[in-house]
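Chains, contacts and geometry: an overview
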Amino acid sequence: MTTPVASSHTAGPALPPLPALLTGQTAIVTGGNSGIGAAVALALAQAGANVAINYVVGDDAANNLAAQLTGLGILAKAYKADVSSEDQVAAMFASVIADFGTVDILVANAGLQRDAAFTQMTLAQWNTVLGINLTGQFLCAREAVKEFLRRGVVPERSRAAGKIICMSSVHQVIPWAGHVNYATSKGGIHMMMESLAQELAPQRIRVNAIAPGAIRTPINTEAWSTQEAYDRLMTLVPYGRIGEPEDIGQVAAWLASDHADYVVGTTIFVDGGMTLYPGFATNG
Ligand code: NAD
């Protein structure tokens, strides 16, 4: 683990978990063995959900997290599948439904970066990022929706037939030089999420997105692991601290619950104000 850099403003002590808003529901969290996905899996389990942890590499991390969540008194199991593979996604959903009975919540979180200056960007880098970040969410959402429609609303579990949370990014609205493939994938998630939400709301399926700002995970270590990088990052974050994976986990648990039952087709930015154009704070 990298030594934390000095910061005057930190997230503070752990918050108490949300009450058991998700008891008896089953969630699939893709990319659930690392960073934001692992924190979402933990928050959903603390809220009472059974959790299927999808991952593609890192068997130990996935199995250890499953064991940790099982210790909370819910069912949890790790499922290895590449979200960009139609066959593997279909097989994973079939296994989860066989093991848990159904799926109530999908958190489509798996994602990665393959950065390059535009003229250096290879087709493989472009296709990998679009294939996992965008097509992967499409494939998982399609399987989840089939199951939601087959099963319908079970009132004692939830007011909705199913909930999908797409993990987007502030880069669905903030352009990002040197990361054209990544920003394009997140812009695509924005329109996919809203179109899906519009199509499926009449079936009582809620589709929403979370757009994280800078969160302390392995995807962006270079942005926070040295003092210089951290201080530079803070010029982009009005709230004056980096986001922690738990900041996203808590929002995801609430958004998946009936406390958010009327939230349909919305992107919730969880970014410490990064999308507030902080460069204008002293330049008006
Ligand atoms: P991370 O690298 O810790 O986690 C990414 C997860 O996705 C890992 O579990 C990885 O194994 C998984 N994954 C990658 N390719 C996969 C595939 N083909 N099939 C299945 N799983 C796959 O990074 P993170 O920061 O936790 O990222 C999670 C999501 O949050 C991503 O969609 C990312 O774009 C988004 N996000 C992160 C930040 C941030 O600052 N960390 C900001 C905005 C958005």
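A short tour of the structure in this document, coming up. Treat the numbers as computed from the prediction; the structure is a model and nothing was measured. (Residues numbered from 1 in each chain as written. Predicted model: local features only at pLDDT ≥ 70, side-chain atom pairs only at ≥ 80, totals over all residues. Heavy atoms only, no water.)

Another point: the pattern of salt bridges. On inspection of all chains with the given rule, the structure shows 11 salt bridges. A salt bridge links D104 to R151; its shortest N-O distance comes to 3.8 Å. One end of the pair, D104, is in the loop between α3 (86-100) and β4 (105-108); the other, R151, is in helix α4 (residues 123-151), and 47 residues separate them in sequence. Across the pair, R151 and D104 agree in class, each one buried. A salt bridge links R232 to E228, with the shortest nitrogen-to-oxygen separation between them at 3.7 Å. (Salt bridge = Lys/Arg side-chain N within 4 Å of Asp/Glu carboxyl O. Helix = DSSP H or I, 4+ residues; strand = E, 2+ residues; numbered from the N terminus. Buried < 20%, exposed > 50% of the residue type's maximum accessible area, 1.4 Å probe, protein only.)

Turning to the site of the ligand, a few remarks are in order. Around the ligand, 27 residues are found, and the nearest of them are N33, S34, N109, Y182 and T217. Between the ligand and G213 there is a distance of 3.2 Å, counted from an oxygen atom to a backbone nitrogen or oxygen. Burial of the ligand by the surrounding chains reaches 92%, relative to a free accessible area of 820 Å². Every element with two or more residues in the shell around the ligand is listed here: α1 (35-46) and α5 (180-200). (Near = heavy atom within 4 Å. Polar contact = N/O pair within 3.5 Å; in protein donor to acceptor, adjacent residues only side chain to side chain. Areas by Shrake-Rupley, 256 points an atom, 1.4 Å probe, with all protein chains shown as cover.)

Attention now moves to unusual backbone geometry. Here R204, not a glycine, exhibits a phi torsion of approximately 65°, which is positive. Checked against the element boundaries, R204 lands in the loop between α5 and β6 (205-212). Positive phi values are uncommon outside glycine, yet Y277 reaches one of about 50°. You can see Y277 is positioned in the segment after β7 (267-270).

Attention now moves to the environment of I132. Along the chain, I132 turns up in helix α4. For the pair formed by I132 and A38, sequence separation is 94 residues and the distance between their alpha carbons is 18 Å. When residues no more than four places from it in sequence are discounted, the contact partners of I132 are V83, S84, A110, G111, L112 and Q137. (Contact = heavy atoms within 4.5 Å.)

With respect to the helices and strands, P278 occurs in the segment after β7. The class for P278 is partly exposed, based on a relative accessible area of 22%. Between the alpha carbons of P278 and A183 there is a distance of 20 Å; along the sequence they are 95 residues apart. Discounting residues that sit within four places of it in the chain, P278 has contacts with T235, L236, P238 and G273.

Fair warning: the whole summary comes from geometry, so function is off the table for now.
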